[in-house]
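Fold and geometry: a report
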Amino acid sequence: MATWQDFEQEAPDLAPLVRARFEANKHHVLATLRKDGSPRVSGTEVDFIGADAMLGSMYGSVKARDLQRDGRFALHSHPGDETMAGGDSKLSGRAVELTDEAELTAYVADLPEPPPGPFHAFRLDLEQVVHTGLADGHLWVHNWHPGRPVERTMLH
């Protein structure tokens, strides 16, 4: 597992592209696992705070309960329009809920505006980052795993 900062250090050319995709739009698509193991998708927002990529949730929401039970997640950036300008990014790994009061206080202090009510906050520990984009008339897939170099594959 890796923090967002670890990813930035290991993939300095890729990290800005991925972050730009998540910052280009407010809403993204989060996949979690239901109690029975089937997938659930939910809308979510992502914040980059300190060394971490973070997401929040309304208190008691189904996505929060899913992540509390099984932290595995996949997060797809808002795809933008049909041009794929800026590419397409995905994060996957395990979400870890912040429960320490000092961590929660620091999280809220770094948000653009505080949550409107009770909330859950999750740090995203990364197992994989994928960015797909168009360049030189080809579709390129950049795939990163902690401790390994970025794999770059051209699709025809």
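My aim in this report is to walk through the structure given alongside it, one point at a time.

Glancing now at the overall build of the protein chain. Helix and strand counts for the protein chain stand at four helices and nine strands. For the protein chain, the α and β elements follow one another from N to C terminus as α-α-β-β-β-β-α-β-β-α-β-β-β. Its C-alpha atoms give the protein chain a radius of gyration of 16 Å, near enough to 15 Å, the size a compact globule of 156 residues would have. With the principal axes as the frame, the protein chain shows a C-alpha extent of 45 × 35 × 30 Å. The buried share of the protein chain, taken over its 156 residues, is 40%. Summed over its atoms, the accessible surface of the protein chain is roughly 8,600 Å², and 54% of this surface lies on carbon and sulfur atoms.

Let's shift gears to the nonpolar core. Judged by nonpolar contacts, the single largest core of 24 residues is most densely connected at Phe7, Phe73, Leu91, Leu124 and Leu126. Going through the elements one at a time, α1 (4–10), α2 (15–24), β4 (52–58), α3 (62–69), β5 (72–76), β6 (88–97) and β7 (119–135) are the ones with two or more residues in this core. By residue number, the principal contributor to this core is β7, which donates four residues. Sequence-distant contacts of leucine 91, defined by excluding residues within four places in its chain, comprise Trp4, Val18, Phe22, Phe73, Ala74, Leu75, Leu124, Leu126, Gln128 and Val129. Among the nonpolar cores identified, the runner-up in size contains seven residues, and Met54, Tyr107, Leu111 and Ala121 belong to it.

Reading the values: rules and limits
- Residues numbered from 1 in each chain as written.
- Predicted model: local features only at pLDDT ≥ 70, side-chain atom pairs only at ≥ 80, totals over all residues.
- Heavy atoms only, no water.
- Helix = DSSP H or I, 4+ residues; strand = E, 2+ residues; numbered from the N terminus.
- Rg over C-alpha atoms; globule rule 2.2 N^0.38 Å.
- Buried < 20%, exposed > 50% of the residue type's maximum accessible area, 1.4 Å probe, protein only.
- Areas by Shrake-Rupley, 256 points an atom, 1.4 Å probe, with all protein chains shown as cover.
- Core = buried A, V, L, I, M, F, W, Y, C linked by side-chain atoms within 4.5 Å.
- Contact = heavy atoms within 4.5 Å.

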